[in-house]
Every structure is written in C-alpha cells, then in structure tokens.
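Architecture and fold: a report
One-letter residues, chain by chain:
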Amino acid sequence: MHQGSLLVVGIGGLGCLWAERAHSRCSQFSDLLLIDADENTFNGSDEAHCLHLDAAGEARGTAALPMLAKHRLKEGMNNIQTLLDKAELVVVLTCLGGGVGSGASSEFASLARGTDCMVVSIVGFPFAEQPIRYQLAEENFPPLFENSNVCIKVSLERLSWQAKQRDIDWKDGAGWIEELVEGLLSTFANVGKINLDLMDFRTIVERPGDATILVGSGSTNSLSDIVKTARDSPLSDLQVDGAKGCWIQVEGGPDMTIYHLNQVTDEFVSILDPDCQVLLGARASDEMVGKIRIVAVVSGL
Ligand SMILES: Nc1nc2c(ncn2[C@@H]2O[C@H](COP(=O)(O)OP(=O)(O)OP(=O)(O)O)[C@@H](O)[C@H]2O)c(=O)[nH]1
Ligand SMILES: [Mg+2]
C-alpha cells in the first residue's frame, strides 16, 4: 500500500466524531478527512484534512438542509481532489437524519467511485422516536447505498443498547465502529501471515447482492464466543447464512497457532453457504497477545 491509499472520512457531526476515533487507532497507515458545516467539529484534530462546507466564510449559517450541504460539497471538492486521487479505499462514516450527512455523503461516495476508489460506508440511522429525521434518513439512504461497494446500516438504537451493556457513550460508536475500521484498514496496511490485498477484497465485495461486515474479538480460551460475537455484531439486520462470498481476516498475538486459526475460521465459515468462496488472511501483532479478532466481509446476500 502506498502512502495515502487508505482514507477515513467523516461527514456531518456524528460521522466526524466516529471517524476521528476510528482514525486514532490507525493513524500510522491512513489519512483522515472531516467534512462538516460546523467548524467546531474540526477543533482538536491536528492530523485531519478538513473541508468546511461554509468555506466562503460568508456565515451563511449551518447547512441544515441536505440540498445545501450537497451543493457546498461540490463547490469545495477541488480542495480535496488530490486526497481522493491518491486513495484506493475510503471508509465513509456518517449519520443520516441531519443536514450534512444526509446531503453530502452520497455525493461524496459518488465522487470517490468516480476516481476508481472502493467505498465502504458505515451509516447511522436515527432513533425511531425522531420520525422526521428517520424519514429523511430513509430518503437519503438509497443513493449512498448505490454509490458504495459495501454499505453498513447502523441503528443508533442498537448502538446505544450495545454501548449501555459496555458502559460507554453510544455517540463514540460503542467501541464497535472503531474496531471495525481498525480491523479492516490494518488488514490492508500490514503484511500478514497470509496476505489479503485489495484485489481480493474487491473480488468479494463486487459479487451481486448485499454485503456486510462482521467483527468479533475475545480471548484465545473462548474461540466459540469470538465467532458468536461476530455473528451477533451486524448492526444491519441482514441474515448471513446464504453468503456466497467471504473475505476473512484473523488477527492474533504472536502466540496464535494454526489450531486457533482453523478453529475460528471453520466455525465462522460453517454458518455460510456451503459453496461460499472464502478468502482467508491472518496476521500477528504484539498488542493482541492472548486475544483473537476476526473481521469478515460477507457478500452475495
Ligand atoms: N437522540 C439523539 N440523536 C442524535 C444525537 N446526535 C446525533 N443524533 C442523530 O444523528 C443524526 C445526525 O446527526 P449529526 O451528525 O449531528 O447531523 P449533521 O449531519 O451534522 O447535520 P446538521 O447538523 O443537521 O447539519 C441526527 O439526525 C440524529 O438523529 C443526540 O445527541 N441525540
Ligand atoms: Mg451537524
């Protein structure tokens, strides 16, 4: 991977918060771009490239309307074109239901696809008790979905429930979003025991049908629980048992053995279609001693 090929992008207030947190775990090998109408979003992120959607400085207010946000993104695009030209994979984090995320994210994904980038979108859906925001989210989801290679719907309701279980703030992504992005990007950035590259990833995500990403982690003493957490992790409500394609990355410590590797992958793959094409990668890192994490993209759903 060359410098600048992995790009984490936050769009809108919550999306930027998620992107910053995710990027802080993989800043050695990815770039960060924050896009918002609210300048306060950019405070405290020295490493970020920022696109302020009110860059003309005319204090035209916040881009509370999706159409306005979309328009301002187009105007500001030449400021970030070089970043996009370098990127091979962008991970877009956003939450629909407000102005910026709803308006600018599909436009951004479409521009990224136009430069032959792969786009993975992680998209928050508002709480059901905010019906107007929810409806706005539903209206703006299809164009984002169509412009993404993988598009994962995250219900804020489920996220907040998971965060409560873990006793952390849901707005930070319940730890889950960071883990997903870190797992995905570290796979591409590091040479593993069995290396998977972007070409393999593309093969899997470009299968017809839906795709989603599952993550699970835990101790090497409880391998079945790792598979179970991965299976329970989809924040979108897709059933994965008919998956025809699977790209799976297993990360462990230097103490990871072939037994561990086989055990988790066999158990995970047993839930998919028997004819599923499986591409496997594995890597070891010092921080993972005693632990194993799996990151899987399943497609053809
Ligand atoms: N209940 C609740 N929902 C929130 C909160 N923050 C964000 N959301 C939800 O997340 C969605 C997106 O929020 P933001 O990312 O802040 O919106 P934005 O894209 O910056 O758009 P604007 O600020 O409206 O221009 C909203 O529609 C809300 O449904 C919060 O503190 N409480
Ligand atoms: Mg905002």
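Predicted model, so just to flag it, every value in this text is computed and none were measured.

Reading the values: the criteria
- Residues numbered from 1 in each chain as written.
- Chains lettered and ligands numbered in written order.
- Predicted model: local features only at pLDDT ≥ 70, side-chain atom pairs only at ≥ 80, totals over all residues.
- Helix = DSSP H or I, 4+ residues; strand = E, 2+ residues; numbered from the N terminus.
- Rg over C-alpha atoms; globule rule 2.2 N^0.38 Å.
- Buried ≥ 20, exposed ≤ 12 C-beta atoms within 10 Å, placed from the backbone.
- Contact = placed C-beta atoms within 7 Å.
- Core = buried A, V, L, I, M, F, W, Y, C linked by C-beta atoms within 7 Å.
- Domains from an automatic or database assignment.
- Near = placed C-beta within 6 Å.
- Nonpolar A, V, L, I, M, F, W, Y, C, P; charged D, E, K, R; others polar.
- Pairing = 2+ DSSP bridges.
- Axes fitted to C-alpha atoms, helices over the stretch in contact; angles between N-to-C directions.
- Parallel < 35°, antiparallel > 145°, perpendicular 65-115°, else oblique.
- Left-handed = near helix turned anticlockwise from the far one by under 90°.

The next subject is the overall build of the chain. Each helix and strand counted, the chain has 10 helices and 10 strands in total. Relative to the compact-globule value of 19 Å for 301 residues, the chain shows a C-alpha radius of gyration of 19 Å, a close match. For the chain, the spread of C-alpha atoms along the three principal axes comes to 60 × 40 × 35 Å. Considering the chain as a whole, with its 301 residues, one finds that 46% of them fall into the buried category. Residue pairs at least 24 apart in sequence account for 77% of intrachain contacts in the chain once pairs closer than 6 positions are excluded.

It is worth spelling out the environment of Leu280 at this point. In this structure, Leu280 sits in strand 9 (residues 277-284). Since 18 C-beta atoms lie within 10 Å of it, Leu280 is described here as partly exposed. In this structure, the C-alpha to C-alpha distance between Leu280 and Phe29, residues 251 residues apart in sequence, is 22 Å.

The subject of this paragraph is the nonpolar core. The nonpolar side chains of a soluble globular protein tend to be buried, and buried together. Residues Val9 and Ala296 are the most contacted members of the largest nonpolar core, which totals 86 residues. Tallying contributions element by element places helix 7 (residues 176-189) first for this core, with seven residues. Taken domain by domain, this core gets at least three of its residues from each of domain 1 (6-183) and domain 2 (192-299). Sequence-distant contacts of Ala296, that is, excluding residues within four places in its chain, are made with Ile213, Leu214, Ala230, Cys246, Trp247, Ile248 and Phe268.

Another aspect to go through is unusual backbone geometry. Keep in mind that most residues, glycine aside, have a negative phi and that most peptide bonds are trans. Even without a glycine there, the phi angle at Asp116 is positive, about 70°. For Asp116, the location among the structural elements is in the loop between helix 4 (100-114) and strand 5 (118-125). Exposure remark for Asp116: the 10 C-beta atoms within 10 Å place this residue in the exposed category.

Right, let's talk about the site of ligand 1 for a bit. Close to ligand 1 lie 20 residues; Gly12, Gly13, Gly97, Gly98 and Pro126 are nearest. Mapped onto the shell around ligand 1, the elements with two or more residues apiece are helix 1 (13-24) and helix 4. The dominant element in the shell around ligand 1, judged by the number of residues it contributes, is helix 1, at three residues. In the shell around ligand 1, the residues fall into eight nonpolar, 10 polar and two charged.

Strand 7 (residues 212-219) sits mainly inside the fold: six of its eight residues count as buried. In this sheet, strand 10 (residues 291-299) lies alongside strand 7 in antiparallel orientation, the contact comprising eight bridges. Of the residues in strand 10, the one forming a bridge with Thr212 is Val298.

Looking at the chain, the domain boundaries give domain 1 (6-183) and domain 2 (192-299). The distance between the C-alpha centroids of domain 1 and domain 2 comes to 25 Å. Facing 15 residues of domain 1, the contacting portion of domain 2 comprises 17 residues. Listing elements by their share of the side of domain 1 that touches domain 2, those giving two or more residues are strand 6 (150-155), helix 6 (156-166) and helix 7.

One way to put it is that helix 2 (residues 66-76) packs onto helix 4 with a least axis distance of 7 Å and a crossing angle of 40°. With respect to each other, helix 2 and helix 4 are oriented oblique. As helix 2 runs across helix 4, the sense of the crossing is right-handed. On helix 4, the residues touching Pro66, Met67, Leu68, Ala69, Lys70, Leu73 and Lys74 of helix 2 are Val100, Ser102, Gly103, Ala104, Glu107 and Phe108. When the residues that make up the contact of helix 2 with helix 4 are grouped by side-chain class, the tally is eight nonpolar, two polar and three charged.

Running from N to C, helix 9 (residues 223-232) and helix 10 (residues 258-269) cross one another at 40°; their axes reach a closest spacing of 9 Å. Taken together, the axis directions place helix 9 and helix 10 in an arrangement best described as oblique. Here the hand of the crossing between helix 9 and helix 10 comes out right-handed. Contacts between helix 9 and helix 10 involve Leu223, Ser224, Ile226, Val227 and Ala230 on the former and, on the latter, His260, Gln263, Val264, Glu267 and Phe268. Of the residues that constitute the contact of helix 9 with helix 10, the class distribution is six nonpolar, three polar and one charged.

Taken in spatial order, the six strands make up an open sheet running 3-2-1-4-5-6, and their pairing is parallel. Here the strands that pair on one side only, and so sit at the sheet edges, are strand 3 (49-52) and strand 6. Put simply, the sheet's adjacent strands are angled 15° from each other on average, direction ignored. Where strand 1 (residues 6-11) lies against strand 2 (residues 31-36), five bridges are found, and the strand directions are parallel. Residue pairing for strand 2: Val9 is matched across the bridge by Leu33. Docked against the sheet, helix 4 engages strand 1, strand 2, strand 4 (89-95) and strand 5, running at close to 170° with respect to strand 4.

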